[in-house]
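# Fold and geometry: a report
In case you want the letters, here they are:
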Amino acid sequence: MDLDTSNDVLGMDVVEMVNTPIDDLETESVDLICLVLDKSGSMSRFQHVMKDCLDRLRIALVGSKAADEILLSKTLFDSDVIALSGYKPLKEFSADYSVGSVTALYDAIILTADNHLRYSEFLRSEGMNVKAVFLVLTDGMDNASRASFQEARAKVEELNAAEVTTAFICFAATADLRQQLNTTAANLQFRNIADASADESSLRLIMDQVSASVISHSTSVVNDPNNFFSFSSKV
Amino acid sequence: MLITKIGYAHVQNMSNCQDAGVETEYGDDKFKLFCLADGCSEGKHSEVGAKLFCKLFPKYKDIDTAFRCIRQLFYEMSYTDPQEYVQTIIDYMMFTIMTVCESAESYQVVVAGDGYIITQTHEDKLNFIPVDQGMYAAYYGYNYLRGFVDLKQYNTGVELYSTTFNKQDVKAVGIASDGLRYILGSDFQEEFERLLIARKEFAIRRLINKHHSVVKDDITIII
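Given the structure is predicted, the values throughout are model-derived calculations rather than measurements.

Looking only at helices and strands, one finds 6 helices and 10 strands in chain B. In terms of overall dimensions, chain B is globule-like: its C-alpha atoms have a radius of gyration of 18 Å, near the 17 Å expected for 223 residues. By principal-axis analysis of the C-alpha atoms, chain B measures approximately 55 × 45 × 30 Å. Scored against the burial criterion, the 223 residues of chain B give a buried share of 51%. Partitioning the contacts of chain B with sequence separation of at least 6, the portion at a separation of at least 24 is 66%. Computing the positive centroid from 23 side-chain charges and the negative centroid from 31, chain B places the two 5 Å apart.

Here it is as structure tokens:
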């Protein structure tokens, strides 16, 4: 899916058709929270838990002080990145989560980051103050992307240069895989890396951590882009 | 609708926004009550006095009473030293004041200093009426420096300017600090007026952000 923003459509920038149009935003500052989630076959046993975690995340963010400024985007990836939801206000965010087959991690990073960069550039050009978090959760190494590791890394570097807080969760079943994912995340240039064992309890804990971190990020005037996972969850 | 934005020149100089404003209601009929205060750029802490004044004005609905309340606080802090008292008034209490008080039949506007009165007709035409009480800004704080310093043309005191708009003639009345001058005559004035009539607060804020380098002075708009 390629987004062409060269033309206006019905008075709206094309990037507004995928995301929330600026006239619908009752704020002058936004925190764009981007979730890139693995939905490959190996995640099937966590399908219901993940949906529940996303519901809890949304509810936690709705109750936060800066709720009106948070826009959430969700990308679910397996071999095809087909579920890019665009940035939506919390009340419109869907916690739906369904699994597929293999893992196109690099494609998901690139496609989602491209949407983010276009939308945030558009918002800034319209006078908005923009903060952002780009978070990836995966339980496996890439095995299906058309894009290369180098292209994905270049995209993450572009996000870092744009002062986006980049974060990666290694949701690994074994110590070896955890090590591999950690190394991959670091080499991709993600600034914040966290581990979670591939079980229900750990998934819930790490997603609660994400809630706490996003709330802190959205309510802070000054954010440290290297300390996303430093904030305690209330749960 | 209340909008306060720091001026571009203030951001470049790393100084605070010296405008303050309050929008509230009073009485069973919930009539509108607005107040804005625009601090003197030479006043070291004029934004503090401006914010305090806007906080107090709705309680008293009288400029002099609210002003004396703040003055008394500073007087008690420095009563043994007249020079310190004078310097405190100069540092904290030099700001222009504009207020709007709605009643059943009209809107009364009272001004000490300068700014703009905004009227919106029943046909949704906007008028921006400049108010300027003299070559040098008429700060109400001068009334509390008489006898201590030479205030030149204000040695006899600063008087409040008052005017009334009948509701038969206007749909709404608002006020704006003199930072509005940078928007009037600009190439985005038309868009600004369209958004003001529609009361699109955040769209106006974003419009000012977008053209921030043009809006050099702090601006407060209440309507």
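Moving on to the side chain of Asp78(A). Residues and elements named next belong to chain A. Take Asp78: it is sitting in the loop between strand E4 (70–77) and strand E5 (81–84). The exposure class of Asp78 is buried, given its relative accessible area of 7%. In terms of polar contacts, Asp78 uses its side chain to reach the side chain of Lys39, at 3.5 Å.

This part takes up helix H3 (residues 105–125) of chain A. Residue and element names in this part refer to chain A. Compared with the 30 Å implied by 1.5 Å per residue over 21 residues, the 30 Å span of H3 between its first and last C-alpha is a close match. Within H3, 16 of the 21 residues are buried, which leaves it mostly tucked inside the rest of the structure. Count one or two residues on from H3 and you reach Gly127, which has phi positive near 90°.

With that settled, consider the environment of Ala172(B). Residue and element names in this part refer to chain B. Mapped onto the fold, Ala172 is located in strand E9 (residues 172–176). On a C-alpha basis, the gap between Ala172 and Tyr136 in space is 30 Å, while along the polypeptide they are 36 residues apart. With residues near it in sequence (within four places) discarded, Ala172 still touches Tyr107, Ile118, Thr119, Gln120 and Arg199.

Note: predicted coordinates in regions of low pLDDT should not be interpreted at a detailed level. Summary statistics for chain B give a mean pLDDT of 93 and a share of 99% for residues scoring 70 or more. Model confidence for the complex is summarised by a pTM of 0.85, with the ipTM given as 0.77.

Residue and element names in this part refer to chain A. Taking 1.5 Å of rise per residue, 16 residues should cover 22 Å, and helix H2 (residues 47–62) covers 23 Å from first to last C-alpha, within 8% of that figure. Every buried residue belonging to H2 is among Val49, Met50, Cys53, Leu54, Leu57 and Leu61, and all of these are buried. All buried residues of H2 project into a common sector of 135° when viewed along the axis, lining one side. Turned more than 90 degrees away from the buried face of H2 sit His48 and Ile59, all of them exposed. Among the structural elements, strand E3 (29–38), E4, strand E7 (129–138) and helix H6 (200–219) are those in contact with the buried residues of H2.

To continue, consider unusual backbone geometry. Residues and elements named next belong to chain B. Positive phi, close to 60°, is recorded for Asp124, a residue that is not glycine. For Asp124, the location among the structural elements is in the loop between strand E6 (114–120) and strand E7 (126–132). On the basis of relative accessible area, Asp124 is assigned to the partly exposed category, the value being 29%. Despite not being glycine, Arg199 shows a phi value in the positive range, around 55°. On the secondary structure map, Arg199 appears in the loop between helix H5 (189–197) and helix H6 (201–210).

So, how was this worked out
- Residues numbered from 1 in each chain as written.
- Chains lettered and ligands numbered in written order.
- Predicted model: local features only at pLDDT ≥ 70, side-chain atom pairs only at ≥ 80, totals over all residues.
- Heavy atoms only, no water.
- Helix = DSSP H or I, 4+ residues; strand = E, 2+ residues; numbered from the N terminus.
- Rg over C-alpha atoms; globule rule 2.2 N^0.38 Å.
- Buried < 20%, exposed > 50% of the residue type's maximum accessible area, 1.4 Å probe, protein only.
- Contact = heavy atoms within 4.5 Å.
- Lys, Arg positive; Asp, Glu negative; His and termini not counted.
- Charge placed at Lys NZ, Arg CZ, Asp CG, Glu CD.
- Polar contact = N/O pair within 3.5 Å; in protein donor to acceptor, adjacent residues only side chain to side chain.
- Expected span 1.5 Å × (residues − 1).
- pLDDT = per-residue confidence, 0-100.
- Arc of directions from axis to C-beta.

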